[in-house]
Amino acid sequence: MRATGHLQVVGAAGRRRYIALWRDADGRHKKLLGPAHVRDSGRRTARGARIWRAGDGPKLHPSYLTPREAGDRLAEILAAAPAAVPAGPRFTPTFSEACAEWLRYVEFDRERTESTLRDYCHTVRRHLLPHFGDDTPVGKITTEDIDAFREQLLAGHLSRRSIQKILVILHGIFKRAKRRKWIAANPAEDAERVTFTRSGDFSVLTPAEVEALGRAAANDQDAAIFLTAAFTGLRLGELRGLRWRDVNFANRIVHVRRNVPAHATERVPKSGKVRSVPLVDRAGQVLDDLSRRELWTQPDDFVFPNALGAPFDDNRLRTRFREARDSAGIEPLRFHDLRHTFGTLAVRVFPLTDVKAFMGHADIQTTMLYVHHVPQHDAADKLSAALSAEVSPGPGFSATTA
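Within each chain, residue numbers correspond to sequence positions counted from 1 in written order. Reporting in this predicted model follows two pLDDT cut-offs: at least 70 for local features of residues, and 80 or more for side-chain atom pairs to be given and counted; totals over whole chains, interfaces and linings ignore these cut-offs and use all residues. Remark: hydrogens and water are excluded; side-chain values derive from all non-hydrogen atoms of the structure.

Colleague: Describe in detail the pairing of strand β3 (residues 27-35), supporting the description with residues and values.
Modeller: Regular strands show a simple pattern: their side chains alternate between the two faces of the sheet. DSSP calls a pair of strands paired once it identifies at least 2 bridges connecting them. Strands are runs of DSSP state E lasting at least two residues, helices are runs of H or I lasting at least four, and both sets are numbered from the N terminus onward. Here strand β2 (residues 17-24) pairs with β3 via 8 bridges, running antiparallel. Among the inter-strand pairings, Arg-17 is bridged to a residue of β3, identified as Pro-35. The loop that links β2 with its antiparallel partner β3 comprises 2 residues.

Colleague: Now, about the environment of Gly-329: what can you tell me, with residues and values included?
Modeller: Position of Gly-329 relative to the elements: it lies in the loop between α10 (314-327) and α11 (337-346). Separated by 113 residues in sequence, Gly-329 and Ala-216 have C-alpha atoms that sit 9.7 Å apart.

Colleague: Explain the environment of Trp-182 to me, using residue names and the numbers behind them.
Modeller: Along the chain, Trp-182 falls in the loop between α5 (160-179) and α6 (207-215). Distance in space between the C-alpha atoms of Trp-182 and Thr-94 is 9.5 Å, their sequence separation being 88 residues. We call two residues in contact whenever any of their non-hydrogen atoms come within 4.5 Å of each other. Aside from chain neighbours lying at most four places away, what touches Trp-182 is Phe-91, Pro-93, Glu-97, Ala-98, Glu-101 and Ala-177.

Colleague: Residue-level account of the sheet that holds β3, with values.
Modeller: Strand pairing in a sheet is mediated by backbone hydrogen bonds. Such pairs are either parallel or antiparallel. Ordered in space as β1-β2-β3, the 3 strands form an open sheet in which the pairing is antiparallel. Where the open sheet ends on each side, the last strands, each with one partner, are β1 (4-10) and β3. Along the sheet, successive strands turn relative to each other by an average axial angle of 20°, direction set aside. Structural elements are reduced to axes, namely lines fitted to C-alpha atoms, with helices fitted over the stretch in contact, and the angle between N-to-C directions of any two is expressed from 0 to 180 degrees. Against the sheet, helix α1 (residues 67-80) engages β1, β2 and β3, with an angle of about 145° to β1.

Colleague: Lay out the packing of α6 against helix α7 (residues 220-232) in plain terms, naming residues and giving numbers.
Modeller: Axis separation between α6 and α7 bottoms out at 8 Å; the angle between their running directions is 160°. Here α6 is positioned roughly antiparallel relative to α7, judged by the angle of their axes. The element α6 and its partner α7 pack so that their crossing is right-handed. Between α6, through Val-210, Glu-211, Leu-213 and Gly-214, and α7, the contact on the second element is made entirely by Ala-223, Phe-226, Leu-227, Ala-230 and Phe-231. Along the lines of polarity and charge, the residues of the contact of α6 with α7 split into 7 nonpolar, 1 polar and 1 charged. Geometric relationships in this document are graded by angle, where less than 35 degrees denotes roughly parallel, more than 145 denotes roughly antiparallel, 65 to 115 denotes roughly perpendicular, and other angles denote oblique. Crossing handedness follows the turn of the near helix against the far one: under a right angle anticlockwise gives a left-handed crossing, and clockwise gives a right-handed one. Residue classes follow a fixed rule: Ala, Val, Leu, Ile, Met, Phe, Trp, Tyr, Cys and Pro count as nonpolar, while Asp, Glu, Lys and Arg count as charged, and any other residue, Gly among them, counts as polar.

If you want it as structure tokens, here you go:
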């Protein structure tokens, strides 16, 4: 890179100065050279402003620079400026360096949660680096290589959903490398995609089963957690972050303000927004009973603490949940299915937009899953009544004999 530059005259009348601006291998630079030798031309503009031009007569002061002197100084600067990038080996980023740069980007620029970062790091270490290689130049990986990797994943034991996540991460790594000018094009853009369709199937409990689960809990706090999860729809991290000031008994509302994911710092809920959920009588009753305990009942105390007042351990709670579930004779399901239980109950009495807000969904399509899951026991009767108005049933058939 050859150094180039130019001069500028800046400042108000009587205080004109020469500024040298140039660019070399080290970047852009600016330097004050000194007062500029300019003078009044004797003419004025239509608005009466003076017209100044470079002085061509005697200098007003020894420190003032004529255009030629300023040009000479700029030439000296350009001659001394570095004319090329220092010699050395050219940087050829490897695939592992591209992965590290993307992980840095999603952690600090995109501010992903600690649990999400752990999943990303696991995917990079478990699937991407072993296949593409740590030292492989990132620019050498082609679309054909990515298609072959996709076929290998499809032939394995992973679900299509897991494979889709892996390929999305790989696409992000190449996209970041392209943004850093490490590669000219993203080879994942033209690679074949992996699609999957959500089945929409999940398990839920009846209110009677929720009560049975509470009775089988190891202690009163676990019972309160199970009933609160099923009757408010709070996520596990939101239950861990719930404080007494968030429970409004008077207005029968639970404010979901914080989320405490496993092995992560306290943060806003997953949706990024504070929301409010109705506090039904049964959930309000168990929380009111819990508020009468001896310790941890101040407004800033956690509703469901451990023995030291910190949020409860989520892994141990899941273990106790499975034990209570089996003890109550309930079919196998996950703790998260308690949230689904609330969703299927809520869609029966509230508009979808309200349920979406209660559950903190980003997309109404997620809320729609609960509509599809709610059984319509009278659907056959309603359809039969509609049909009977148009046609008569054939001989030998009736609702009682069908």
